[in-house]
Amino acid sequence: MTTGVRAYRPEDRAAVRRICFETGYMGEPIAWQWPDEESFADVFSSWYTDQEPGSALVAVVDGEVVGYLLGCLDSRRVDLKPSLAAHHLLRRGLLVKSGTAPLLGRSLVDIGRAAVRRDLPHPTFLDDRWPAHLHINLLPAGRGQGLGAELVHRWLATLRSDGVPGCHLETWAENANASAFFEAMGFTRRGEPTLMPGFRSRTGGRHHIQLMVQSLSLEPEP
Ligand SMILES: CC(C)(COP(=O)(O)OP(=O)(O)OC[C@H]1O[C@@H](n2cnc3c(N)ncnc32)[C@H](O)[C@@H]1OP(=O)(O)O)[C@@H](O)C(=O)NCCC(=O)NCCS
């Protein structure tokens, strides 16, 4: 078996979108909660593959793409076009489809309650100390072989060589495996977890977002 990490290529786009959907619920398929693959991949992966493909990496096992790291050098650049959201909400019917309709309804209720408590979640974390961010996901077949570490180390090396002072990420607070992995990669938790509107566990529990950060020494590694 040969494994490795390489730069993203345009022909990897379909595999990245598939992996995004197949790992969207803390490493498990998200379909039971958000059944529409097209809109899920558009919301969570398309900005990175289409607007900043040079910051994307893929993990490969025996020639098959089994995972990715989608990066962004400057989080201020990310924008989810309202027209894209409108397309999915209206033209693809997310507002009325089973699965997404309850999720979107719960999101509105969660956001409304948070607004009353003056505790609205921040849509985007922007801080000049950690301007870059990443998303990483591997299919089960790619996990536990060092590929995640290789993806993150390669991304952090790029940030250092570009003079970027730090990187942040947001992970599901309930995803203990991911938090342990990111801590092993040098990230530390920052602040308390905040509510993730709309998403629920299989038993109806709420999910939360944990912010993690890593400052980068811009000196070359010894
Ligand atoms: C989290 C994930 C990216 C880690 O990638 P990976 O290739 O499985 O991890 P690696 O084999 O490179 O592990 C590197 C180190 O991280 C730590 N680590 C990895 N998984 C861990 C776990 N489940 N529990 C504790 N530590 C873990 C270990 O220190 C490990 O080093 P070691 O193997 O020498 O002990 C991958 O498992 C994955 O995609 N999971 C599902 C999706 C997900 O949760 N993504 C994060 C969303 S924010």
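Residues numbered from 1 in each chain as written. Predicted model: local features only at pLDDT ≥ 70, side-chain atom pairs only at ≥ 80, totals over all residues.

1. Regarding the overall build of the chain
Then, in step 1: Each helix and strand counted, the chain has seven helices and eight strands in total.
Then, in step 2: A compact globule built from 222 residues should have a C-alpha radius of gyration of about 17 Å, and the chain, at 17 Å, falls within 12% of that.
Then, in step 3: Residue burial in the chain is summarised as follows: out of 222 residues, 30% are buried.
Then, in step 4: Taking the contacts inside the chain whose residues are at least 6 apart along the sequence as the reference set, 70% of them involve residues at least 24 apart. (Helix = DSSP H or I, 4+ residues; strand = E, 2+ residues; numbered from the N terminus. Rg over C-alpha atoms; globule rule 2.2 N^0.38 Å. Buried ≥ 20, exposed ≤ 12 C-beta atoms within 10 Å, placed from the backbone. Contact = placed C-beta atoms within 7 Å.)

2. A short note on the environment of glycine 142
Then, in step 1: Looking at where glycine 142 falls in the secondary structure, it is placed in the loop between strand S4 (132-138) and helix H6 (147-161).
Then, in step 2: Separated by 83 residues in sequence, glycine 142 and alanine 59 have C-alpha atoms that sit 7.8 Å apart.

3. Quick word on the site of the ligand
Then, in step 1: In the neighbourhood of the ligand, 20 residues make up the surrounding shell, with Gly27, Gly148, Ala149, Asn177 and Ala180 lying closest.
Then, in step 2: Those elements giving two or more residues to the shell around the ligand turn out to be S4, H6 and helix H7 (176-184).
Then, in step 3: Examining the composition of the shell around the ligand, we find that five residues originate from one element, H7, more than from any other.
Then, in step 4: For the shell around the ligand, the class distribution of residues is nine nonpolar, ten polar and one charged. (Near = placed C-beta within 6 Å. Nonpolar A, V, L, I, M, F, W, Y, C, P; charged D, E, K, R; others polar.)

4. Brief notes about the pairing of strand S8 (residues 206-215)
Then, in step 1: Pairing geometry for strand S5 (residues 166-172) and S8, over seven bridges, is antiparallel. Considered in S8, the bridge of glycine 166 is made with serine 215.
Then, in step 2: Summarising the sheet, strand S6 (residues 188-189) and S8 pair through two bridges and their orientation is antiparallel. Pairing of threonine 188 across the sheet is with valine 213, part of S8.
Then, in step 3: Note that strand S7 (residues 194-200) and S8 share three bridges and pair antiparallel. Residue threonine 194 lies in a different strand from S8, and its bridge partner there is isoleucine 209.
Then, in step 4: As consecutive antiparallel partners, S7 and S8 are separated by five residues, and within that stretch glycine 204 has a phi angle of approximately 90°, a positive value. (Pairing = 2+ DSSP bridges.)

5. Overview of helix H1 (residues 13-22)
Then, in step 1: Taken as a whole, H1 has its buried residues at Val16, Arg17, Ile19, Cys20 and Phe21.
Then, in step 2: Tucked inside the fold, the buried residues of H1 contact helix H2 (37-44), helix H3 (46-51), strand S3 (64-72) and S4.

6. Let's talk about the nonpolar core
Then, in step 1: In terms of nonpolar packing, the biggest core is built from 41 residues, with Leu57, Ala59, Tyr68, Leu69, Leu151 and Trp155 touching the most fellow members.
Then, in step 2: Residues contacting alanine 59, with those up to four places away along its chain left out, are Val5, Val66, Gly67, Tyr68, Leu138, Gly142, Leu147 and Leu151. (Core = buried A, V, L, I, M, F, W, Y, C linked by C-beta atoms within 7 Å.)

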